[in-house]
Amino acid sequence: MTAATAAPVRHRTPRATSAIPLTAARLLRTELRRNAMPWILPLIAALFWFDSYRPSTRTAPLYVLRTFWNMGQGHTIIDIGPFVAGVAAWMGSRDGRRGLADLVTATARPRWAAQLATWAATAIWAVAAYLVFVGVMFAWYAHQGVGGTPPWWWVAVGATAVTAFSAAGFAVGAYWPSRFAAPVAAFAGFLAMAMSSQTGFSHISGWALILPTNSNGNFQADSGIFYPWLPDLPVARIMFLAGIAVAALGLTGLPARAGGPWLRRAAAVVTLAGVASAAIAVGLASTARLSAHGMVIPALHDAASDAPVTYTPACGRAAGVPVCLNPAYRRWLPDVNGALAPVLAEVAGLPGTPARATQVAAAYSSGEVGAGQVITLGGHPPVLRMSLGQLDMPGPCGFCDEPVATKQFADQIRLGFAQAFVGAGNGSGSPGQQAVQAALLRGAGIPFAAQPKLMATTKNGPGPPPGPATGPVYAAARRLATLPAAARHAWLAAHLAALRAGRLTLKELP
Amino acid sequence: MTTAGLHRPVPGSVPPPAAGTRRDRAAAGWRLARLYLVSRRVPTALALLAGLGALLWASLHWHWNIAGGAAARQFIPLTIQTGAAAVIAVTTYGPFGEPERAAGRWLPWLRLGAAVALTAVAFGALAAGAAAGGMPGGTLSLLRNLGGMAGIGLLAAAVLGGAFGWTGPMAYLLITEGALAHGSATPWVWPARPPHDRGGAICACLVLAAGLVVITVRGPRESGRESGPAS
């Protein structure tokens, strides 16, 4: 037996570091229980219902339209963010207001670590509440049969924005331990969002796309229906908002009382990292360009995001012609069939008559409204392609004076069909094409007198008021419309090629 | 020194007030009011109200507007007015709780006086800021909006505590924003009504009166007495 073996066994004392997660968890639990945020949540929930959910129900039941106001224009953030900033400022100013700053500085834990626990508890309550509110709203949308897929990336942006508000508010409270820190943080946050809206409305490209209330190029049909929501801009905004959050939290670790030199250096690095992240995100947003499916940031774009959404179409028949729509538009299939049936019956048997009608995706356009020809006709056999995303569908319409009537929708479809059938394209067409188009619309039940107004309402933006249905075009259209149906059909069969080529003059009409 | 100049009061008569008593009471009253105002951080509130007046001046002078129609143009001035109402509400927060309630005989009057005075100062500061011109609705609208929202702030202070009185005006601002965007016409959303609208003015006055009565009689919710966020 040696002295070495005779020596008593030394038990290793438990490492102090193993207790840190447990202590941190206890601290966080205490902060969660003592946090002021839950007291404000009922008020926020009521406002969320009033300002985010309620206005959205006035739009057509498609996610891209339902969420335009509350996600695209950032109202879920406006409704929650300022309150979160205010409460976070109150929590951040707690030690200073109560004159406990010196006391907590002398404890075993660095003051910054304790402050981060307080902030984390506030942020957890706030983000959890945001996700619950949005989740309930989306669940209710799903219960109502809203078509398309929810904009999950934009939910992530909102959650990050709430985190950023909590961090910024907390920093205000930590630096200014006053009872007024909370309202100042809340109203500064609200004013920032208001100014963000002001800038966002007028900027359709460039750095301003980073602003969380800028809906330009983000929420147009048919995102989430024919193609997925592009994640490029949401990722940039998440980088921006997370950078703000990190920088604000880093700032709270800079004062001398926050901790030792190493900790304060780490806080400085964290602050700089946050600022860098936000700056890079702004730079990325300024490189964004509008594609057919939304904003593309080349450095962030994944080609896999361009893959169209696969679906089984919802089909019906109009005057014997198959009509197929995206299942998100299934509820409007009878309206589309009813709108197409009269015009399809008029041209049945003519060369170029569509063998089927199908819905196609609407492409993004600069600004917030769609542009381009709604209905096109082409291919062998001819296919009628309808970009319904550019139209206001029958029913509630968020940005209209009143709900869209079925007849109003049907008239727009019939006008689009007639323009496509005579080959007028996206313009008004030749006088001969205009006359035949007017006669076709008359045959489909739209009186001549109502046609100028119909055409005026389908043009985007303000224009001259509609005039009377007079002049040589309508005179020729009246002549054609008075022909017996068989004679008109025969004339169209003989002259359709010339008509579509734009060679037919008004004098050549019967 | 002799006692020859002293007069003995007639037995049973009420002693006349001493010359120094009224002065002392006035001094004590002034000291009480000053201590109350300091405990409510009124000097900071005055500085903030002056800052809000300057902010309103800047927003009108440099035409900070939200894009949109006439309703959108009053949004930033309205936000500043709401901020002033929030400051008034937060001054009701008292750190002393039960001891102050038990010993402060004049507390309700101090609460009332402070709220009325701060509302008047806020109106003056914002009216001075509106001198830059272009204030939507003019001074009458400013008075109505500020008064009504101060009432909301005082009511919120009574429900949630003085420290969280700001949540009332903030919530009302969001409701007003929705009303402005969607053309609501109820007089309870008075900022969305014309300046001379009687219904809006009546509603704003009712809310201000309710706020003043509640904050005078009941005071703000206190964390030590009742559970609340300001604990």
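Please read these numbers as outputs of a predicted model, since none were measured by experiment.

**Regarding the overall build of chain B**
Inference 1: For chain B, the helix and strand inventory stands at 9 helices and 0 strands.
Inference 2: Listing each helix as α and each strand as β along chain B from the N terminus yields α-α-α-α-α-α-α-α-α.
Inference 3: Of all 231 residues assigned to chain B, the portion counted as buried reaches 45%.
Inference 4: Within chain B, contacts between residues separated by at least 24 positions form 75% of all contacts whose residues are at least 6 apart in sequence.

**Re the overall build of chain A**
Inference 1: Secondary structure summary: chain A contains 18 helices and 7 strands in total.
Inference 2: A compact globule built from 510 residues would reach a C-alpha radius of gyration of about 24 Å, whereas chain A, at 31 Å, exceeds it by more than 25%.
Inference 3: Projecting the C-alpha coordinates of chain A onto the three principal axes gives extents of approximately 120 × 65 × 40 Å.
Inference 4: A sequence separation of at least 24 residues applies to 74% of the contacts in chain A between residues at least 6 apart.

**Quick look at the domain arrangement of chain A**
Residues and elements named next belong to chain A.
Inference 1: The domains assigned to chain A are domain 1 (23–306) and domain 2 (314–508).
Inference 2: The straight-line distance from the C-alpha centre of domain 1 to that of domain 2 is 46 Å.
Inference 3: Each partner contributes to the interface: domain 1 provides 23 residues, whereas domain 2 provides 18 residues.
Inference 4: Taken together, the elements giving at least two residues each to the side of domain 1 that touches domain 2 come down to helix H4 (63–72) and strand S1 (289–291).
Inference 5: Looking at the side of domain 1 that touches domain 2 residue by residue, the class counts come to 11 nonpolar, 10 polar and 2 charged.

**Observations concerning the nonpolar core**
Inference 1: Formed by 214 residues in total, the largest nonpolar core has its most connected members in Val87, Ala236 and Leu340 of chain A together with Ala84 and Leu126 of chain B.
Inference 2: Setting aside residues up to four positions removed in sequence, alanine 84 of chain B forms contacts with Leu49, Leu52, Ala122, Leu126 and Leu146 of chain B.

**Observations regarding the confidence of the model for chain B**
Residue and element names in this part refer to chain B.
Inference 1: Averaged over all residues, the pLDDT of chain B equals 85, while 85% of them reach at least 70.
Inference 2: Confidence over residues 1–6 falls short of pLDDT 50; this stretch has 0 contacts with residues more than four positions distant or in other chains.
Inference 3: Taken together, the chains of this predicted complex give a pTM of 0.87 and an interface ipTM of 0.85.

**Focus on the sheet that holds strand S4 (residues 321–325) of chain A**
Strands pair in a sheet through their backbones, by hydrogen bonds, and they do so in one of two ways: parallel or antiparallel.
All names here are of chain A.
Inference 1: The strand order across the open sheet formed by 5 strands is S3-S4-S5-S7-S6, and the pairing between neighbours is mixed. A single partner strand is all that each edge strand has here, and the edge strands are strand S3 (314–318) and strand S6 (375–378). Each neighbouring strand pair of the sheet contributes to a mean axis angle of 20 degrees, computed without reference to strand direction.
Inference 2: As defined by bridge partners, S3 adjoins S4 across 5 bridges and the pair is classed as antiparallel. For glycine 316, the partnering residue across the bridge sits in S4 and is valine 323.
Inference 3: On top of the sheet, helix H13 (residues 333–347) reaches S3, S4 and strand S5 (356–359); it is set at about 30 degrees to S3, its chief contact.

**Re the environment of leucine 241 of chain A**
Residues and elements named next belong to chain A.
Inference 1: Tracing the backbone shows leucine 241 in helix H11 (residues 232–252).
Inference 2: Along the primary structure leucine 241 and leucine 211 are separated by 30 residues, whereas in three dimensions their C-alpha atoms are 9.4 Å apart.
Inference 3: Not counting residues within four places of it along the chain, the set of residues in contact with leucine 241 comprises Thr160, Ala161, Ala164 and Pro212.

**Quick look at helix H15 (residues 431–443) of chain A**
Residues and elements named next belong to chain A.
Inference 1: Across its 13 residues, H15 extends 18 Å between first and last C-alpha, which sits within 8% of the 18 Å expected from 1.5 Å per residue.
Inference 2: For H15, the buried fraction is high: 11 of the 13 residues fall into the buried class.
Inference 3: Listing the buried residues of H15 in full gives Gly432, Gln433, Gln434, Ala435, Val436, Gln437, Ala438, Ala439, Leu440, Leu441 and Arg442.
Inference 4: Next to the buried residues of H15 lie H13, helix H14 (406–422), helix H16 (451–458), helix H17 (472–482) and helix H18 (485–500).
Inference 5: Phi turns positive, to about 100 degrees, at glycine 445, one or two residues after H15.

**A few points about the packing of helix H4 (residues 75–90) of chain B against helix H6 (residues 107–129) of chain B**
Residue and element names in this part refer to chain B.
Inference 1: Running from amino to carboxyl end, H4 crosses H6 at an angle of 155 degrees, the nearest separation of the two axes being 10 Å. One element, H4, and the other, H6, form an angle in the roughly antiparallel class. Relative to H6, H4 is oriented so that their crossing is right-handed. Touching Gln81, Ala84 and Ile88 of H4 are Ala115, Leu118, Thr119, Ala122 and Leu126, all from H6.
Inference 2: Looking at side-chain class alone, the contact of H4 with H6 contains 6 nonpolar, 2 polar and no charged residues.

**Quick word on unusual backbone geometry**
Inference 1: Of the consecutive residues alanine 221 of chain A and aspartate 222 of chain A, the connecting peptide bond is found in the cis state with omega at 10 degrees.
Inference 2: Position of aspartate 222 of chain A relative to the elements: it lies in the loop between helix H10 (181–202) and H11.
Inference 3: The backbone of alanine 319 of chain A shows a phi angle near 50 degrees, a positive value even though the residue is not glycine.
Inference 4: By the secondary structure assignment, alanine 319 of chain A is in the loop between S3 and S4.
Inference 5: The phi dihedral of arginine 41 of chain B falls on the positive side, at around 60 degrees, and the residue is not glycine.
Inference 6: For arginine 41 of chain B, the position within the fold is in the loop between helix H1 (19–39) and helix H2 (42–61).

**Considerations on the packing of H2 of chain B against H6 of chain B**
Residues and elements named next belong to chain B.
Inference 1: Where H2 contacts H6, the axes come no closer than 7 Å and their chain directions differ by 25 degrees. Comparing their axes, H6 and H2 come out roughly parallel. Helix-helix and strand crossings are classified by hand; for H2 and H6 the assignment is right-handed. For the pair formed by H2 and H6, the contact residues are Val42, Ala45, Leu46, Leu49, Ala50, Leu52, Gly53, Ala54, Leu56 and Trp57 on the first element and Ala114, Leu118, Val121, Ala122, Ala125, Leu126, Ala128 and Gly129 on the second.

**Some details on helix H5 (residues 75–92) of chain A**
All names here are of chain A.
Inference 1: Given a rise of 1.5 Å per residue, 18 residues ought to cover 26 Å, and the 25 Å separating the end C-alpha atoms of H5 matches this to within 8%.
Inference 2: Where H5 bends most, at glycine 81, the angle is about 25 degrees, and the proline proline 82 comes one to four residues later.
Inference 3: Among the 18 residues that make up H5, 18 are buried, leaving the element largely enclosed by the rest of the structure.

**Some remarks on the environment of phenylalanine 180 of chain A**
Inference 1: With respect to the helices, strands and loops of the structure, phenylalanine 180 of chain A is situated in the loop between helix H9 (152–175) and H10.
Inference 2: The buried category is assigned to phenylalanine 180 of chain A, around which 22 C-beta atoms lie within 10 Å.
Inference 3: Setting aside chain neighbours within four positions, we find phenylalanine 180 of chain A in contact with Arg41, Thr44, Leu48, Val87 and Val90 of chain B.

Rules and cut-offs
- Residues numbered from 1 in each chain as written.
- Chains lettered and ligands numbered in written order.
- Predicted model: local features only at pLDDT ≥ 70, side-chain atom pairs only at ≥ 80, totals over all residues.
- Helix = DSSP H or I, 4+ residues; strand = E, 2+ residues; numbered from the N terminus.
- Buried ≥ 20, exposed ≤ 12 C-beta atoms within 10 Å, placed from the backbone.
- Contact = placed C-beta atoms within 7 Å.
- Rg over C-alpha atoms; globule rule 2.2 N^0.38 Å.
- Domains from an automatic or database assignment.
- Nonpolar A, V, L, I, M, F, W, Y, C, P; charged D, E, K, R; others polar.
- Core = buried A, V, L, I, M, F, W, Y, C linked by C-beta atoms within 7 Å.
- pLDDT = per-residue confidence, 0-100.
- Pairing = 2+ DSSP bridges.
- Axes fitted to C-alpha atoms, helices over the stretch in contact; angles between N-to-C directions.
- Expected span 1.5 Å × (residues − 1).
- Parallel < 35°, antiparallel > 145°, perpendicular 65-115°, else oblique.
- Left-handed = near helix turned anticlockwise from the far one by under 90°.
- Bend = angle between axes of the 7 residues up to and from the residue.

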